[in-house]
Amino acid sequence: MLRTAVLVSGGGTNLQAILDAKAAGKIPHAEIALVIASNGRAYALERAAKAGVPGIVVHKEKGEAIEAYGERLLAVLRENRIGLCVLAGFLTILPENVIRAYDHRILNIHPSLIPSFCGKGFYGLKVHEAALERGVKVTGATVHFVNEIPDGGGIIAQKAVAVLPGDTPEILQRRVMEEAEWVLLPAAVEETARKIENPEL
Ligand code: GAR
């Protein structure tokens, strides 16, 4: 089983979806071995503890060089023999040394249909605010590999979600999570872990 780390910054509902899928036997090729939070207040850490998964906080220190932060992150990943990383609401830009070391082994979930409403500055509720402001009738979520371009890596899976009259950013965010994110991300973790473990397939 591929040792997998989930990186989080906040509530961790996507982490919960992964933990639930794992408990239900839907992710046989990945072991959820570690949760890394960018801050100690992330509720996701409590979800990890409840599931018996070790949690650790690694955050970029004020004034610390991005590559030095990346080296610290890499040391944690290597110490824990991590083979796959999942960004599940992780709101820190990953340093390039981490991205290079884990080429095609880092997944991210983004709450829109990339290439709409993505890239620098588009995260969390801001994405849904922008979608409502533009007046789109369909939005959704995307799971993609992480490369050096924010939200620019290869797309693994996408799912469309309707925008409905009366939607607020919060209502739309919840619908996108329920109908798309919590379905797509656990499935993409399994699919990617399976391919890494069985490269001949
Ligand atoms: C999710 O909607 C995720 O797609 C988004 O942050 C939220 C985290 O929620 N990520 C981004 O916007 C990344 N650009 P969660 O902590 O409950 O999983």
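Computed from a prediction, not measured in an experiment: that's the story for all the values here. (Residues numbered from 1 in each chain as written. Predicted model: local features only at pLDDT ≥ 70, side-chain atom pairs only at ≥ 80, totals over all residues. Heavy atoms only, no water.)

Trainee: It is not clear to me how the side chain of Ser38 should be interpreted in this structure. Could you clarify?
Mentor: Secondary-structure assignment places Ser38 in the loop between strand E2 (30–37) and helix H2 (44–50). Within polar-contact distance, the side chain of Ser38 engages the side chain of Ser9 at 2.8 Å. If we ignore the near neighbours within four places in the chain, the residues touching Ser38 are Val8, Ser9, Val57, Val58, His59, Phe90 and Thr92. (Helix = DSSP H or I, 4+ residues; strand = E, 2+ residues; numbered from the N terminus. Polar contact = N/O pair within 3.5 Å; in protein donor to acceptor, adjacent residues only side chain to side chain. Contact = heavy atoms within 4.5 Å.)

Trainee: Can you walk me through the sheet that holds strand E6 (residues 138–145) in this structure?
Mentor: Within a sheet, neighbouring strands are paired by backbone hydrogen bonds and run either parallel or antiparallel to one another. Across the sheet, which stays open at both edges, the seven strands sit in the order E3-E2-E1-E4-E5-E6-E7 with mixed pairing between neighbours. With partners counted over all chains shown, the strands left at the sheet margins are strand E3 (55–57) and strand E7 (155–162), one partner each. The average angle at which neighbouring strand axes cross in this sheet is 20°, direction not considered. Contacting strand E1 (2–8), E2, strand E4 (84–87) and strand E5 (106–110), helix H1 (residues 13–23) runs over the sheet at an angle of about 160° to E2. (Pairing = 2+ DSSP bridges. Axes fitted to C-alpha atoms, helices over the stretch in contact; angles between N-to-C directions.)

Trainee: It is not clear to me how unusual backbone geometry should be interpreted in this structure. Could you clarify?
Mentor: The general pattern is negative phi for most residues beyond glycine and trans for most peptide bonds. Of note, the amide linkage connecting Ile114 to Pro115 takes the cis form, showing an omega dihedral of 15°. Residue placement: Pro115 occurs in the loop between E5 and helix H5 (125–134). One non-glycine residue with positive phi stands out, namely Arg81, at about 50°. Examined against the element boundaries, Arg81 turns out to sit in the loop between helix H3 (66–79) and E4. Positioned with a positive phi, His104 is a non-glycine residue whose angle comes to about 60°. As for its position among the elements, His104 is in the loop between helix H4 (96–101) and E5.

Trainee: Help me understand the packing of H5 against helix H6 (residues 169–197) in this model?
Mentor: Two numbers describe a pair of packed helices, the interaxial angle and the distance between the axes. Axis separation between H5 and H6 bottoms out at 9 Å; the angle between their running directions is 110°. Between H5 and H6, the angle is such that the two are roughly perpendicular. In terms of crossing hand, the pair formed by H5 and H6 is right-handed. Across the interface between the two elements, Leu125, His128, Glu129 and Leu132 of H5 pack against Pro169, Glu170, Leu172, Gln173 and Val176 of H6. Residues of the contact of H5 with H6, tallied by class, amount to five nonpolar, two polar and two charged. (Parallel < 35°, antiparallel > 145°, perpendicular 65-115°, else oblique. Left-handed = near helix turned anticlockwise from the far one by under 90°. Nonpolar A, V, L, I, M, F, W, Y, C, P; charged D, E, K, R; others polar.)

Trainee: Where do I start with the layout of surface pockets in this structure?
Mentor: Over the atoms rolls a probe the size of a water molecule, and its path tells where empty space is left. Its volume calculated, the largest pocket comes out at about 830 Å³. Contributing elements (two or more residues each) for the lining of the largest pocket: H1, H4, E5 and H6. Among the residues making up the lining of the largest pocket, the classes are represented as 16 nonpolar, 17 polar and five charged. (1 Å grid on protein atoms, 1.4 Å probe; cavity = no way out; pocket = protein on both sides within 12 Å on 5 of 7 lines; lining within 4 Å. Points joined across faces, edges and corners; volume = space filled by probe spheres on them.)

Trainee: Got a minute to help me understand H1 in this structure?
Mentor: One turn of the α-helix equals 3.6 residues, which is why residues spaced by three or four share an orientation. Residues of H1 that are buried: Asn14, Leu15, Ala17, Ile18, Leu19 and Ala21. Residues of H1 that are buried in the fold lie against E1, E2, H2, E4, E5 and H6. Directly after H1, the chain includes Gly25, whose backbone phi takes a positive value near 80°. (Buried < 20%, exposed > 50% of the residue type's maximum accessible area, 1.4 Å probe, protein only.)

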